[in-house]
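Survey of secondary and tertiary structure
Each chain, written out:
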Amino acid sequence: MSIRVVVADDQELVRSGFSMILEAQQDIEVVAEAGDGFQAVAAVREHAPDVLLLDIRMPRMDGLEAARVVCAESGCKVVMLTTFDLDEYVYEALYAGASGFLLKDVRRDDLVHAVRVVAAGDSLLAPTVTRRLVADIVRRRLAETAVEVPPQRLDVLTAREEETLRLLARGLSNAEIAKTLFVSEHTVKTHVSNMLSKLGLRDRVQAVICAYETGLVAPGSS
């Protein structure tokens, strides 16, 4: 079964270029293109794609608002497109439910790999990159707002689920978590799934954000 993709970017050359690269893959089908956020949301509603490549900065409705709508309404995986590796809206996009982000100058092979990874249910950002990015942005966000998520939010987790979350936020992969806890990778996946469900989180990226915001992991810790 093909991975169904919608490509949304207000720059036609970028949009068509990404579409051509993806369409060349036997297991990927671009079902629609969109030039702004409104069109992106409409395309997702009409075609029910597996993945939405979504530019952050677009006219009418920007990518951030479109991501909120799409993530709230569907199980479509959202990957944000940006020209900056630390775009000011990246944190908000991830918090809204995006599974990661790509720079627009991404290599052909990396673009294809990203779509496949996200469609499979994994977060796009490598664990260590996720940890570094989220830690930096959460540190600045908390300094600006002085608002923290109550640590009591984690009370719904078992001790093993909380430890899994801590290790995940430190940047460990499932295999590394399994080795640390002396359990199987299948057991780790079960812990992660239960943890996401109990905390009402969409994916591992939001879990990392939660771990930092609740103080389970401190920015700068390893």
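Everything below is about the structure printed above this text.
Keep in mind that this is a model prediction, so the values were computed, not measured.

**Quick word on the state of the cysteines**
One covalent bond between the sulfur atoms of two cysteine residues makes up a disulfide. For the structure shown, the criterion picks out 0 disulfides. Of all cysteine sulfurs, the one in cysteine 76 lies closest to cysteine 71, which takes part in no disulfide; the gap is 7.7 Å. We classify cysteine 71 as buried; its relative accessible area is 10%.

**Regarding the sheet that holds strand S3 (residues 51–55)**
What links the strands of a sheet is backbone hydrogen bonding, and the strands pair in either a parallel or an antiparallel sense. With parallel pairing, 5 strands are arranged side by side in an open sheet as S2-S1-S3-S4-S5. If you trace the sheet from one side to the other, it starts and ends with strand S2 (28–34) and strand S5 (100–103), each paired once. Within the sheet, the average angular offset between the axes of one strand and its neighbour, ignoring direction, is 25°. The pairing of strand S1 (residues 3–8) with S3 spans 4 bridges and is classified as parallel. Looking at S3, one finds that valine 7 is bridged to leucine 53.

**Remarks on the nonpolar core**
Core analysis: the largest hydrophobic core is formed by 30 residues, its most contacted members being Ala8, Leu52, Leu54, Val70, Val78 and Met80. Of all the elements in the fold, those that place two or more residues in this core are S1, S2, helix H2 (37–47), S3, helix H3 (63–73), strand S4 (77–82), helix H4 (90–96) and helix H10 (204–213). Ranked by the residues each element gives to this core, the list is headed by H3, at 6 residues. Contacts of leucine 54, omitting those with residues within four sequence positions, involve Ala8, Ala40, Gly63, Ala66, Ala67, Val78, Val79, Met80 and Leu81.

**Concerning the packing of helix H8 (residues 174–181) against helix H9 (residues 185–199)**
Following both chains from N to C, one finds H8 and H9 inclined at 105°, their axes separated by 8 Å at the closest point. Taken together, H8 and H9 sit at an angle that is classed as roughly perpendicular. Across from Asn174, Ala175, Ile177 and Ala178 in H8, the residues of H9 making contact are Glu185, Val188, Lys189 and Val192. When grouped by side-chain class, the residues that make up the contact of H8 with H9 number 5 nonpolar, 1 polar and 2 charged.

Basis of the calculations
- Residues numbered from 1 in each chain as written.
- Predicted model: local features only at pLDDT ≥ 70, side-chain atom pairs only at ≥ 80, totals over all residues.
- Heavy atoms only, no water.
- Disulfide = S-S within 2.5 Å.
- Buried < 20%, exposed > 50% of the residue type's maximum accessible area, 1.4 Å probe, protein only.
- Pairing = 2+ DSSP bridges.
- Helix = DSSP H or I, 4+ residues; strand = E, 2+ residues; numbered from the N terminus.
- Axes fitted to C-alpha atoms, helices over the stretch in contact; angles between N-to-C directions.
- Core = buried A, V, L, I, M, F, W, Y, C linked by side-chain atoms within 4.5 Å.
- Contact = heavy atoms within 4.5 Å.
- Parallel < 35°, antiparallel > 145°, perpendicular 65-115°, else oblique.
- Nonpolar A, V, L, I, M, F, W, Y, C, P; charged D, E, K, R; others polar.

Note that all results are geometric; they support no functional claim without further evidence.
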